[in-house]
Amino acid sequence: MKTLVTGATGFLGSHLMERLAAEGAAAELRVLVRKPTARLTALGVECVQGSVTDAEDVARALEGVKNVYHLAGFVSRKAEDAHEMYKVHVEGTRLLCRAAAERGVARVVMASTSGTVAVSRSEGEMPDEACSAPIDIMGRWAYYASKLYQEEAAKRACRDKVELVTVNPSLLLGPGDERLSSTRDVLSFLAQEIPVAPGGGLNFVDVRDVAAVLPVAMQKGEPGERYLLGGYNWTFREFFGRLERLTKVRGPLVQGRGRWPYFASQLQSAVYKALGRTPPVEPSSVEMGEYFWYFDSAKARRAFDFEPREAQATLFDTVTYLREHFLGGHGALRAS
């Protein structure tokens, strides 16, 4: 019996593939990818070319499969990408889970995001897995709305036929983010393109730690449960301060308060787009920075012995990778 992985070429998926292959499971792995990569070929895994949004591709990928890691996704903070995110996250997940139920798949471990539950207006709040989704906050951003709908679509499609375990990691940092799906803000910091530190706070976690816990979730996760996976709760001021001390790159000089940073980012974005250029920071990113994305991973620690590595190690490896691959080895260079 095979184990299927979707999203195997993504930031989290690539780390999971390397871990599973290193444990000697390559012969049992199959991936559903739009285009096989040299890295996957080198690992010796079976590749099925296609998309989670195509019924025939999904059917071929699920033949003889017992378990599924469903990591396929599309990360964007742009409102114009809402339709594509809904298509991948909701329609693709519904299609995959229904097909899995029809073919007798035993278990699906699905990666969502902590943002479907852990975001609040107050620094003192600490949501957990039992909390309701703060739709009045996260519902305004297409990515998080689509991930919330994804979780609901998976539950309904799997029902009592497939054991569904959902993991909800926070902002993923670490090396290997080829598409800048999670580490773009750190790159913008290195390029000194963030003029204002938002007034809120974030939670971040090392992508390698999340990849390490996914096989444990496959073995030990309770069906129907979700698990928040996070590392450190820091204000953006503290986060940029740590990056400044680590990189010797000067961080934002202004601490944002209220709504004016968001309105300023909208003006900046309009000017950049009028000049035919991509704004360095999306207004939606600035708006998100007004809130606190804090939580505690106590449930995952109990169930999976989850323990994130030191924050300094994660930041160091993230910065090193970005400098080598996007800044020509020099942190002071601006990103093209």
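Definitions and cut-offs
Residues numbered from 1 in each chain as written. Predicted model: local features only at pLDDT ≥ 70, side-chain atom pairs only at ≥ 80, totals over all residues. Heavy atoms only, no water. Helix = DSSP H or I, 4+ residues; strand = E, 2+ residues; numbered from the N terminus. Rg over C-alpha atoms; globule rule 2.2 N^0.38 Å. Buried < 20%, exposed > 50% of the residue type's maximum accessible area, 1.4 Å probe, protein only. Contact = heavy atoms within 4.5 Å. Pairing = 2+ DSSP bridges. Axes fitted to C-alpha atoms, helices over the stretch in contact; angles between N-to-C directions. Polar contact = N/O pair within 3.5 Å; in protein donor to acceptor, adjacent residues only side chain to side chain. Salt bridge = Lys/Arg side-chain N within 4 Å of Asp/Glu carboxyl O. Expected span 1.5 Å × (residues − 1). Parallel < 35°, antiparallel > 145°, perpendicular 65-115°, else oblique. Left-handed = near helix turned anticlockwise from the far one by under 90°. Nonpolar A, V, L, I, M, F, W, Y, C, P; charged D, E, K, R; others polar.

Asker: Would you mind showing me how to read the overall build of the protein here?
Answerer: Tallying secondary structure elements over the protein gives 13 helices and 12 strands in all. Taking 20 Å as the expected radius of gyration for a compact globule of 336 residues, we find that the protein reaches 20 Å, a close match to that expectation. With the C-alpha coordinates of the protein rotated into their principal frame, the extents come out at 55 × 40 × 40 Å. Counting only residues that meet the buried cut, the protein has 55% of its 336 residues in that class. Considering only contacts within the protein whose residues lie at least 6 apart along the sequence, 79% involve residues at least 24 apart.

Asker: Looking at this structure, I do not really get the sheet that holds strand 3 (residues 46-49). What am I missing?
Answerer: Either a parallel or an antiparallel arrangement is found when strands of a sheet pair, and the pairing is made through backbone hydrogen bonds. Pairing is parallel across the open sheet formed by 7 strands, whose spatial order is 3-2-1-4-5-6-10. Bordering the open sheet on either side are strand 3 and strand 10 (226-229), each of which pairs with just one other strand. Put simply, the sheet's adjacent strands are angled 20° from each other on average, direction ignored. The pairing of strand 4 (residues 65-70) with strand 5 (residues 107-111) spans 4 bridges and is classified as parallel. The residue of strand 5 that forms the bridge with Val68 is Val108. Helix 8 (residues 207-220) contacts strand 4, strand 5, strand 6 (163-169) and strand 10 of the sheet and is inclined by roughly 150° relative to strand 5.

Asker: Help me understand the side chain of Ser76, please; the structure alone is not making it clear to me.
Answerer: Mapping Ser76 onto the fold places it in the loop between strand 4 and helix 4 (82-102). At 2.6 Å, the side chain of Ser76 and the side chain of Asp81 are in polar contact.

Asker: Would you take a moment to explain unusual backbone geometry for this structure?
Answerer: Trans is the prevailing form of peptide bonds, just as negative phi is the prevailing case for residues other than glycine. One non-glycine residue, Arg159, lies in the positive phi region at around 45°. Relative to the elements of secondary structure, Arg159 occurs in the loop between helix 6 (142-158) and strand 6. A positive phi angle, near 55°, is found at Leu180, a position not held by glycine.

Asker: Before we go on, may I ask you to explain the environment of Glu28 in this structure?
Answerer: With respect to the helices, strands and loops of the structure, Glu28 is situated in the loop between helix 1 (11-22) and strand 2 (29-33). Under the relative-accessibility criterion, Glu28 is labelled partly exposed at 46%. Separated by 24 residues in sequence, Glu28 and Leu4 have C-alpha atoms that sit 8.7 Å apart. In contact with Glu28, other than residues within four places in its own chain, are Met1, Lys2 and Thr3.

Asker: Sorry, what's going on with the pattern of salt bridges here?
Answerer: A side chain of one charge can pair with a side chain of the opposite charge if their charged atoms are brought near each other. Considering all chains together, one arrives at 20 salt bridges under this definition. The salt bridge partner of Asp206 is Arg309, with a shortest N-O separation of 3.7 Å. Taken together, the positions of Asp206 in strand 9 (residues 201-206) and Arg309 in the loop between helix 12 (298-304) and helix 13 (311-326) put the pair 103 residues apart, joining distant regions of the chain. A residue is classified by how much of its surface remains accessible, and Asp206, at 2% relative accessible area, is buried. Salt bridges here are not isolated pairs; linked through shared partners, they connect Asp206, Arg208, Asp209, Arg309 and Asp317.

Asker: Quick question: what am I supposed to make of helix 9 (residues 236-247) here?
Answerer: Side chains that are three or four residues apart share a direction in an α-helix, a result of its 3.6 residues per turn. Here helix 9 contains 12 residues, and its C-alpha end-to-end distance of 16 Å stays within 8% of the 16 Å for a straight helix at 1.5 Å per residue. Those residues of helix 9 that fall on the buried side of the exposure criterion are Phe236, Phe239, Phe240, Gly241, Leu243 and Thr247. Those residues of helix 9 that are buried lie in contact with strand 7 (171-173), helix 7 (184-190), strand 8 (196-197), strand 9, strand 11 (232-235) and helix 13. One or two steps after helix 9, the chain reaches Lys248, where phi turns positive at roughly 65°.

Asker: I would appreciate a short explanation of the packing of helix 4 against helix 6 in the present structure.
Answerer: Packed helix pairs are specified by the crossing angle of their axes together with the interaxial distance, meaning the distance between the axes. Contact geometry of helix 4 with helix 6 gives a least axis separation of 8 Å together with a crossing angle of 15°. On the basis of the axis angle, helix 4 is roughly parallel to helix 6. For helix 4 against helix 6, the interelement crossing comes out right-handed. Contacts between helix 4 and helix 6 involve Ala82, Met85, Tyr86, His89, Val90, Thr93, Arg94, Cys97, Arg98 and Ala101 from the first element and Ala142, Tyr143, Ser146, Lys147, Tyr149, Gln150, Ala153, Ala154, Ala157 and Cys158 from the second. Looking at the contact of helix 4 with helix 6, its residues break down into 13 nonpolar, 4 polar and 3 charged.

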